[in-house]
Structure formats: C-alpha cells, structure tokens
Amino acid sequence: MAKEYERIANDLRGSIRDGDLKPGDRLPSEAELVERYGKSGPTVQAALRVLQYEGLIDKQHGRGSFVRRPRSTVLRTNERHQWEKDRAREAEEHRLKTGATEYDTGLKVDDLVFHASYKQTEATKDIADAFGVPQGTALVERTYRTRYAAERAPFALVTSYLVRDMVAENPDLLDETKEPWPGGTMNQLHTVGIELARIEERFTTRPPTPEEAEELELPPGMPVLLARKISYDTTDRPVEISDITLPGDRTHVHVVTHLDRW
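The numbers attached to residues start from 1 for each chain and follow its sequence in the written order. Predicted model: local features are reported for residues with pLDDT of at least 70 only, side-chain atom pairs are reported and counted for 80 or more only, and whole-chain, interface and lining totals are derived from all residues. The basis for every side-chain value is the complete set of heavy atoms in the structure, and neither hydrogens nor water enter the calculation.

Q: Is there a simple way to explain the nonpolar core in this structure?
A: Side chains of a nonpolar character, in soluble globular proteins, are inclined to be buried together. Think of a nonpolar core as a cluster: buried Ala, Val, Leu, Ile, Met, Phe, Trp, Tyr and Cys residues, connected wherever their side-chain atoms sit within 4.5 Å. Classification of residues uses two cut-offs on accessible area relative to the type maximum, computed with a 1.4 Å probe and protein chains only: under 20% is buried, over 50% is exposed, and between them is partly exposed. Formed by 33 residues in total, the largest nonpolar core has its most connected members in Ile-127, Phe-131, Leu-139, Val-167, Leu-189, Ile-194 and Ile-241. Contributing elements (two or more residues each) for this core: β4 (112-122), α7 (125-131), β5 (138-148), β6 (157-163), α8 (164-167), α9 (184-190), β8 (224-233) and β9 (238-247). The residues touching Ile-127, leaving out its near neighbours within four places in the chain, are Leu-139, Tyr-161, Arg-228, Ile-241 and Asp-243. A run of H or I in DSSP becomes a helix once it reaches four residues, and a run of E becomes a strand once it reaches two; helices and strands are each numbered from the N terminus. Whether two residues are in contact is decided by their heavy atoms: any pair within 4.5 Å suffices.

Structure (structure tokens):
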C-alpha cells in the first residue's frame, strides 16, 4: 500500500506531467499543501523530497518549490563512432557543419557554447597503465565543456588524454586555441597518420562530488554516469583516453550491436 507521502507525490507528479503545473511554476506552499491534503508537514516535506530527487522540482531557499525546466537530453549511441570516423577525412568545410555533440543532441552548431583548455601533465599510474606507457610519461590533458546556449550546465564533464610524443609532430594538436577542432579527435589523430580501429567504453555509476553536482546542476540524490573511453589504432595501440562524467537525469545510452549473419 502506498504511503501517504507517496500519494501526495503521485498527485503532484501527475499535475506536472499533465501540464497543469508548467516549467517555472511555483508549487503551493508547504502550508497550503498541508491544508489541501490534510496531512502533516513532515509528510508533505517527504513528498516534495521525492519530486526533488526525481528532478521534477527545484527547492529554492526562502522562495518555495518550482517545477524544474526540462534540460536538453543527450542520447549516446555506439554508432556515433563510425559516424565520426566516416567524416574524419572529409573536407574542413564539411566537418565545420556539425560535430559529435550535435549528433548526440539534435542541436545545431549555433545552439552550442563550447570551451576547451589544454595543459601539459604527466601520466598517473591509472592513465599510464591504460596507455601501456611508463608512469610519468608526458601527456596533453584536454578539458572540454559544451552546453546548450539557453542553459547553464554542460552536457558532460570531459577530460581527454593524448601521449604528447605521439602527436607533437603537429603543433596544432598542442594548442587549445585551435578548438573547436572540425572533425574532433579522429581528425586530429588523422593529421599525424593515426587511424582508429576500435573504441572501448566502460560505464559505472556513483554519487557526484559536490563540485560535479554544482557544475552539472544535479538535483539531490541524482547519480552520475562515468565513462572511460579508450581509442585504439590499427596496431591495437591505445592512442586516446577520455574520462566522461555524464548527468544521470538527462543522459540516455543506446547500444546497438550488429551481428554477423550465419
């Protein structure tokens, strides 16, 4: 049997999903909800916490609870990697028209705000083991943030690593001012003669750190999805590693596996 706070949450959730309460609308105050449902303050507060954990409402100190504005969602599919490879050798004019974020979100280039920063660093044991290089090997660490211009939070927190000596023959690959790079990492690697043959992605979940929750604007209790992506070249050498932190409330992963026919 549903608990009293669950009944209240179900009723308010229905009002939100039916459009009676629209994004940005203020919910009735806790006192008004206590009167409406004839239940105690703690019961009403428990119902509101449920909706907040589900990402349906935001509680603003001193102002009340408001229906959360829906965020742009990201659909990550493994088919995107072949799409990226197919365009890696296209002319720059073609590569400039769209990118991986546009592929994942359906948005246009002009809808997005992009930021990249590079720094020289040394491989930790974890990254060194993944690359198969000695700990302390010189790396290029690249941090990316892309967001919808109408929103403040980025779609993901991305940190990418390249072995510096592997890409140094093209100095543009060490220069953050060349970002956003038309065609992304696959084209960047193509400029130094590297062709990708395989990409592995491993996913885990955990609660966000306070910094992650703030930057991604996550509701309380919302987990993050972590992806470790390793790209291999045609000699089976790891050539790029990305650690990606994805918000659990607006990321969908769709995996399609094509099977050889008998």
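Q: Please explain the environment of Ile-8 as it appears in this structure.
A: With respect to the element layout, Ile-8 can be found in helix α1 (residues 4-17). Overall, Ile-8 belongs to the buried group, its relative accessible area being 3%. Linking Ile-8 and Val-50, residues 42 residues apart in sequence, is a C-alpha distance of 9.9 Å. Ignoring sequence-local partners within four residues, the contact set of Ile-8 consists of Tyr-37, Lys-39, Thr-43, Val-44 and Ala-47.

Q: Hey, could you run me through the side chain of Glu-141 in this one?
A: Note that Glu-141 resides in strand β5. Given a relative accessible area of 15%, Glu-141 falls into the buried group. Setting aside its immediate chain neighbours within four residues, Glu-141 contacts Ser-117, Tyr-118, Lys-119, Thr-121, Thr-159, Ser-160 and Tyr-161.

Q: Would you mind going over the sheet that holds β4 with me for this structure?
A: For two strands to pair, DSSP has to find at least two bridges joining them. Reading across the sheet, the 6 strands line up as β4-β5-β6-β9-β8-β7 and stay open at both edges, with antiparallel pairing between neighbours. The open sheet is flanked by β4 and β7 (196-206), the only strands paired with a single partner. Between one strand and the next, the sheet's axes are offset by a mean angle of 15 degrees, whatever the strand orientation. Pairing of β8 with β9 involves 9 bridges; the strand directions are antiparallel. Bridge assignment links Arg-228 to a residue of β9, and that residue is Asp-243. In this description, a line fitted to the C-alpha atoms serves as the axis of each element, helices being fitted only across the stretch in contact, and the angle between N-to-C directions of two axes falls anywhere from 0 to 180 degrees.

Q: Looking at this model, I keep getting lost on the pattern of salt bridges. Mind explaining?
A: As a working rule, side chains carrying opposite charge can pair if their charged atoms are close by. Every case where a carboxyl oxygen of Asp or Glu lies within 4 Å of a side-chain nitrogen of Lys or Arg is listed as a salt bridge. Under the counting rule described, the total for this entry stands at 23 salt bridges. Asp-58 is the salt-bridge partner of Arg-68, the closest N and O atoms lying 3.5 Å from each other. Of the two residues, Arg-68 sits in the loop between β2 (64-67) and β3 (74-77) while Asp-58 sits in strand β1 (residues 57-60), which places them 10 residues apart along the sequence. By relative accessible area, Arg-68 is classed as buried at 9%. Notably, a salt bridge pairs Arg-80 with Asp-104, separated by 2.8 Å at the nearest N-O pair.

Q: Looking at this structure, I do not really get the packing of aromatic side chains. What am I missing?
A: We describe a pair of aromatic rings using the distance from one ring centre to the other and the angle between the two ring planes. For Phe, Tyr and Trp, where Trp contributes only its six-membered ring, two rings pair if their centres lie within 6.5 Å, and the inter-plane angle classes them as stacked under 30 degrees, edge-to-face over 60, or tilted in between. Summed over the entire model, instances satisfying the criterion amount to 2 aromatic pairs. The interplanar angle of 40 degrees and the centroid separation of 5.9 Å between the aromatic rings of Phe-114 and Tyr-144 together place this pair among those described as tilted. With Phe-114 in strand β4 and Tyr-144 in strand β5, this pair connects stretches of sequence that are 30 residues apart. Here Phe-114 falls in the partly exposed class, since its relative accessible area comes to 34%.

Q: What's the story with unusual backbone geometry in this structure? I'm lost.
A: What is expected of a backbone is that most residues other than glycine have negative phi and most peptide bonds are trans. Residues Glu-179 and Pro-180 are joined by a peptide bond in cis, for which omega reads -5 degrees. In this fold, Pro-180 is placed in the loop between α8 and α9. The backbone of Glu-217 sits at a positive phi, close to 55 degrees, despite the residue not being glycine. By the element assignment, Glu-217 lies in the loop between α10 (210-216) and β8. With phi around 70 degrees, Asp-236 is a residue other than glycine that occupies positive phi space. By secondary structure assignment, the location of Asp-236 is in the loop between β8 and β9.

Q: Just checking my understanding: could you explain the packing of helix α2 (residues 30-37) against helix α3 (residues 41-53) for this structure?
A: Angle between the axes and distance between the axes: these two values describe a pair of packed helices. In contact at an axis separation of 9 Å, α2 and α3 are set at 110 degrees when each is read in the N-to-C sense. By the angle between their axes, α2 is roughly perpendicular relative to α3. On α3, the residues that touch Glu-30, Leu-33 and Val-34 of α2 are Gly-41, Val-44, Gln-45 and Leu-48. Residue type decides the class: Asp, Glu, Lys and Arg count as charged, Ala, Val, Leu, Ile, Met, Phe, Trp, Tyr, Cys and Pro as nonpolar, and the leftover types, Gly among them, as polar. Split by residue class, the contact of α2 with α3 holds 4 nonpolar, 2 polar and 1 charged. Every angle not falling under 35 degrees, over 145, or within 65 to 115 is termed oblique; those three ranges are roughly parallel, roughly antiparallel and roughly perpendicular.

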